[in-house]
Amino acid sequence: MRCRRALLFTRLLTAAVAFCLSLSGVGTAARGAQGQTATIPAPRDVLGFTPGEDRRLASWAQFVDYFQRLDRASDRVLVQELGKTTLGRPFLLTIISSPANLARLDYYREIQRKLADPRILGSGDSSARAAKLIADGRTIVLVTCGIHSTEVGANLVAPMIAHRLASDTSPEVREILDNCIVLLVPSLNPDGVDIVTDWYRKTLGTPSEGTGPPQLYHHYTGHDNNRDWYAFTQIETQLTVDKVHNVWHPQIVHDIHQQGQTGSRMFLPPYTEPWEPNVPPLIQAGVNFLGMTMAWELAAENKAGVMNYSTYDAWTPARAYQHYHGGIRILSETASAQLATPVTIPLTSLNSEVRERNWNFPLVWPGGEWRLANIVDYMQSAAFALLRGAARYRDRWVRGFYQIGQEAVTPAKPGAPFAFLLPPPPDAADLAGMWQSAGLSRIEAILRRGGVEQSSADLPFTAGGVQYPAGTRIVRMDQPYAAFARTLLERQRYPDLREYPGGPPRRPYDVTAHTLPLLMGARAVRIDTPFPMPPLRSVPPETFPAASLFERRGITRLGLYRSHVPVMDEGWTRWFLDDFRVPYTSMSDAEIRAGGLRARYDTIILPSQSAASIINGLPASRYPANISGGLGSAGIAALAAFVEAGGTLIALEEASDFAIEHLGVPVKNILKGVSPRVFYCPGSILKIRFAADDPLARGVPPLEGTPGEGIAWFEGSGAFEPTGDAARVVARFGEARELLLSGWLLGAKKIANKGAIVKSRRGRGRIVLFAFRPQYRGQSLATLPFLFNAIGQNGNGTRNGN
């Protein structure tokens, strides 16, 4: 890409002329930045096909080439490389607006910065200064594509949107360009573009055509990369937050996705209940307004099968960063084909709720052929319906953004806390204190990235009648992003929603808890009344002491099972091991089936994966012989021999059923086959109790200072009862009355005092069963010591290397 400084200087000099040219009716030719007339390339000119053609996908290099050419040809387009992805590909942002707006990008960024934090405007006649900024401001629209790489239409629609904005001279597009600055991220997961495209091209014309690739489409997280919008663990999330969200503060985010084949042709908000209670009401109203407006416009285009108020809720901040930063998030979900291969779906095969007209589903899709071209067409129509609403109501979006900021910085809001306190651990020198300090450091880093102001007390002080030590972090609630801080620091109480009165629980779209202090092993205290502030200092960024928390003595032979079935828990386990710089080897089905494992490994981890998936793997009817099938009987025998010979096998959550059913661990999972009417816990934080002196519990942070108490992340997890003397419970779930710490739990008595971690002897080795995932989504530092201790001990329970 050319020199940005020269480009912006030239654009500034020619802005007035270029703006006039944009009004003059020029078609697909535009004045380039160097003064030459350049033809605006259509996607077909660069990709070699029109996005939406059957069985045609593009590589990331082709997408990059297209956007770079568009940048060179159009004075409405500016392409920036924000950094590199996890696997080293360029991560792009495309800024699209009128030439006049592009020439003043710094000015519009500054307007957004001031409106986001009205304190910057000062006292006195700040309303007049705000009115001037609102009058001059633009609607900042962030359009994000392709975070889930098998949703291939989202990547392909990006160049179509960009091309129309760069070349169209209609009054509609001119209004968008004049009133909006469009920030287009062509893919939030460029690595996945190539993973999926390479696999699809390789399998065209074979039984595998249209299947998902036999690996995660994000190196670590797979589908969970869209659950990272508050933990910020992945590079792509960090780039988007640091260099787009926090720079531009968009009022509107349009997140383009695909869904399954048999539901609506497209979902648009309003979202179903519940809304997370810290989301400002004006954001909720804006989402409802724009989503319904988009659906109305698509109906006017005779696009059938569009549904509102279904399936998707707005509870978790893991998918909605902007809801806590002054803007709305419009999720669109378009029905899928088989990647780029068409499908035929008769009406009778559609889900029952989309076969008949309803208040939120006015135009029924009659069934039939569904192609990638339909997907791209629906996506593009929805995107331009959104952009029309963003442009038409520019004043309302900008004014509302300022109003949200004003309310956030207002002190003493009714019913809101005054501040949250994060005290330091009582003994930062012992191992548990080190883990608590690490968790506190992670929380501080998350809040800092989310724009939350934090201070540290230089002296002891009293708040709410309790004295707190020097070093206590203070997070006040009269600041722009207090809602983000509050939702992450307080405990969640998810409403008891049922499918119908007296019926089974209504499944939330994602999880129900996100309380960082519990997950990170730290302590947070809510203070409702103002208190005298002690002398304060800023909280400096600290390096997370990952490697120092894992003792590597003798831990050189760790194996991690990596099925050809893509398993997100395997990816998250790899991420944690890499983040803590723990050496390991990924193990394939073939290696395990070959046996002789004890000669190469001391410990093997089975990530959470169903027993059937572990044993059977990918189906031979759709996948090549070299990757189909799972461990089979040979793999089961090899793992049994490994343990008998003195190895340690660690089974996480679902994989525990494999160990129980196929390796003879004398334990019963009491939740196996239990109806959700009897027990239900969809992603919550529960209390566990354990013997603090057990070797597996070494260094586990005590829950709010109570030795022998901790947390477990529970999401489709199990609960254990030993059925033989060889099995011993290491950690138990708490009493029913105190079991739920954050989230939603029905039927607590069912698992009260049941096993959460069990270890069992077998031959000279042992098997450790976790009923839960101790490394949940890169967040649960509070339970990571259990896993690291299990890794670091040999079959006799002593530490390797001692």
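As shown above, the structure is provided for reference.
None of these values were measured; they are calculated from a predicted model.

Engineer: Quick one: what's the story with the side chain of His257, residue by residue and with numbers?
Structural biologist: Inspection of the secondary structure puts His257 in strand E7 (residues 252-259). Side-chain polar atoms of His257 contact the side chain of Glu151, separated by 3.3 Å. Setting aside its immediate chain neighbours within four residues, His257 contacts Ile147, His148, Glu151, Asn226, Arg329, Leu331, Ser332, Glu333, Thr334 and Met379.

Engineer: Lay out empty space enclosed by the protein in plain terms, naming residues and giving numbers.
Structural biologist: To find leftover empty space, one rolls a probe the size of a water molecule over the atoms. In this structure the tally under the stated criterion is seven cavities of 30 Å³ or more. If you add up the space inside the largest cavity, you get close to 120 Å³. Residue lining of the largest cavity: 13 residues in total, with Trp229, His245, Val253, Asp255 and Arg329 positioned closest to the centre. Secondary structure elements with two or more residues in the lining of the largest cavity: strand E5 (139-145) and E7. Taken together, the residues of the lining of the largest cavity sort by class into six nonpolar, four polar and three charged.

Engineer: Explain the packing of aromatic side chains residue by residue, including any values.
Structural biologist: Enumeration according to the criterion identifies 34 aromatic pairs in this entry. Between the aromatic rings of Phe289 and Trp397, the centroid separation amounts to 6.4 Å while the plane-to-plane angle is 45°, which identifies the pairing as tilted. One end of the pair, Phe289, is in helix H11 (residues 281-300); the other, Trp397, is in helix H13 (residues 394-409), with 108 residues separating them in the sequence. In this structure Phe289 comes out as partly exposed when scored by relative accessible area, which is 35%. Of the residues examined, Trp397 reaches a relative accessible area of 9% and is grouped as buried. Centre to centre, the rings of Phe690 and Phe786 are 5.4 Å apart; their planes meet at 90°, and the pair counts as edge-to-face. In this pair, Phe690 is assigned in strand E27 (residues 682-690) and Phe786 in helix H22 (residues 784-791), connecting sequence segments 96 residues apart. The class for Phe690 is buried, based on a relative accessible area of 9%. Here the aromatic residues Trp435, Trp572, Trp575, Phe576, Phe580 and Phe788 are joined through ring pairs into a cluster of three or more. The cationic tip of Arg265 hangs over the ring face of Trp365; the distance from NZ or CZ to the ring centre is 4.1 Å. The aromatic ring of Tyr378 is capped on one face by Lys303, whose charged end is 5.8 Å from the ring centroid.

Engineer: Kindly report on the state of the cysteines, identifying the contributing residues and their values.
Structural biologist: Within this structure, the stated rule accounts for zero disulfides. Cys180 supplies the cysteine sulfur nearest to Cys145, a cysteine that is in no disulfide, at a spacing of 16 Å.

Engineer: If you had to explain the sheet that holds strand E15 (residues 419-422) to someone new, which residues and values would you point to?
Structural biologist: With antiparallel pairing, the five strands of this open sheet are ordered in space as E20-E15-E19-E16-E21. The strands lining the two open edges of the sheet, one partner per strand, are strand E20 (525-527) and strand E21 (536-538). Looking at each pair of strands side by side, their axes are set apart by 35° on average, direction ignored. With four bridges connecting them, E15 and strand E19 (residues 473-476) associate as antiparallel partners.

Engineer: Pulling in residues and values, what's your account of the sheet that holds strand E12 (residues 328-335)?
Structural biologist: Taken in spatial order, the eight strands line up as E3-E4-E6-E5-E7-E12-E8-E10 in an open sheet, and their pairing is mixed. Each having just a single partner strand, strand E3 (77-84) and strand E10 (306-308) make up the two edges of the open sheet. Direction aside, neighbouring strands of the sheet carry axes that sit 20° apart on average. Where E3 meets strand E4 (residues 90-96), seven bridges bridge the pair, whose relative direction is antiparallel. In the sheet register, Lys84 faces E4, and the bridge partner there is Pro90. Where helix H7 (residues 152-167) meets the sheet, it contacts E3, E4, E5, strand E6 (180-185) and E7, and its direction lies at approximately 135° from that of E7. Sheet strands in contact with helix H8 (residues 171-179) are E4, E5 and E6, and its direction is about 90° off that of E6.

Engineer: Run through helix H6 (residues 126-136), naming residues and quoting values.
Structural biologist: Within the sequence span of H6, burial applies to Ser126, Ala130, Leu133 and Ile134. Take H6 and look down its axis: the buried residues cluster within an arc of 100°, on one side only. Contacts from the buried residues of H6 go to helix H5 (105-116) and H13.

Engineer: With reference to specific residues and values, describe the layout of surface pockets.
Structural biologist: Within this model, the largest pocket holds a volume of roughly 920 Å³. Contributing elements (two or more residues each) for the lining of the largest pocket: helix H17 (568-579), E27 and strand E28 (709-715). The element best represented in the lining of the largest pocket is H17, accounting for three residues. Among the residues forming the lining of the largest pocket, the class breakdown is 16 nonpolar, eleven polar and twelve charged.

Engineer: Before we move on, could you go through the pattern of salt bridges and cite the residues and values that matter?
Structural biologist: Two side chains bearing opposite charge may form a pair once their charged atoms approach each other closely. Applying the stated criterion across every chain, the model contains 53 salt bridges. Glu53 is the salt-bridge partner of Arg44, the closest N and O atoms lying 2.6 Å from each other. The class of Glu53 is partly exposed, set by a relative accessible area of 25%. The shortest N-O distance in the salt bridge between Glu653 and Arg773 comes to 3.4 Å. A residue pair is termed long-range when its members are at least 10 positions apart, and Glu653 in the loop between strand E25 (648-652) and helix H21 (655-662) and Arg773 in the loop between strand E33 (765-770) and H22 qualify at 120 residues. With relative accessibility at 10%, the residue Arg773 sits in the buried group. When salt bridges that share partners are traced, they join Arg164, Asp168, Glu172, Glu297, Glu301, Lys303, Asp377, Arg388 and Arg392 into one network.

Reading the values: rules and limits
Starting from 1, residues in each chain are numbered consecutively following that chain's sequence as written. Given that this is a predicted model, residues contribute local features only at a pLDDT of at least 70 and side-chain atom pairs are listed and counted only at 80 or more, while totals for whole chains, interfaces and linings are drawn from all residues. Think of the side-chain values as coming from all heavy atoms in the structure, minus any hydrogens and water. Helix and strand labels come from DSSP, where a helix needs a run of H or I of at least four residues and a strand needs a run of E of at least two; each type is numbered from the N terminus. Pairing of N or O atoms within 3.5 Å defines a polar contact, subject to two protein rules: one partner must be a possible hydrogen donor and the other a possible acceptor, and residues neighboring in sequence count only if both atoms are side-chain atoms. Residue contacts are counted whenever heavy atoms from the two residues lie within 4.5 Å of one another. A 1.4 Å probe that fits but cannot get out identifies a cavity on a 1 Å grid over protein atoms alone, an open set with protein on both sides within 12 Å along at least five of seven lines counts as a pocket, and a residue lines either if it has an atom within 4 Å of a point. Grid points are joined across faces, edges and corners, and a volume is the space filled by probe spheres set on the points. Residues are grouped as follows: nonpolar covers Ala, Val, Leu, Ile, Met, Phe, Trp, Tyr, Cys and Pro; charged covers Asp, Glu, Lys and Arg; every other residue, Gly included, is treated as polar. The rule is short: rings of Phe, Tyr and Trp, with Trp giving its six-membered ring, pair when the centres are within 6.5 Å, and they are stacked under 30 degrees, edge-to-face over 60, tilted in between. With a 1.4 Å probe rolled over the protein chains alone, any residue whose accessible area is under 20% of its type maximum counts as buried; one over 50% counts as exposed, and the rest are partly exposed. Lysine and arginine charges are scored as sitting over a ring when NZ or CZ, respectively, is within 6 Å of the ring centre and within 35 degrees of the ring normal. Note on terminology: pairs of cysteine sulfur atoms within 2.5 Å are recorded as disulfides. At least two DSSP bridges between two strands are required for those strands to pair. Every angle, taken between N-to-C directions, lies between 0 and 180 degrees, and every axis is a line fitted to C-alpha atoms, over only the stretch in contact when it is a helix. For this quantity, the arc is that covered by the directions from the helix axis to the C-beta atoms. Salt bridge, as used here, is a side-chain nitrogen of Lys or Arg placed within 4 Å of a carboxyl oxygen of Asp or Glu.

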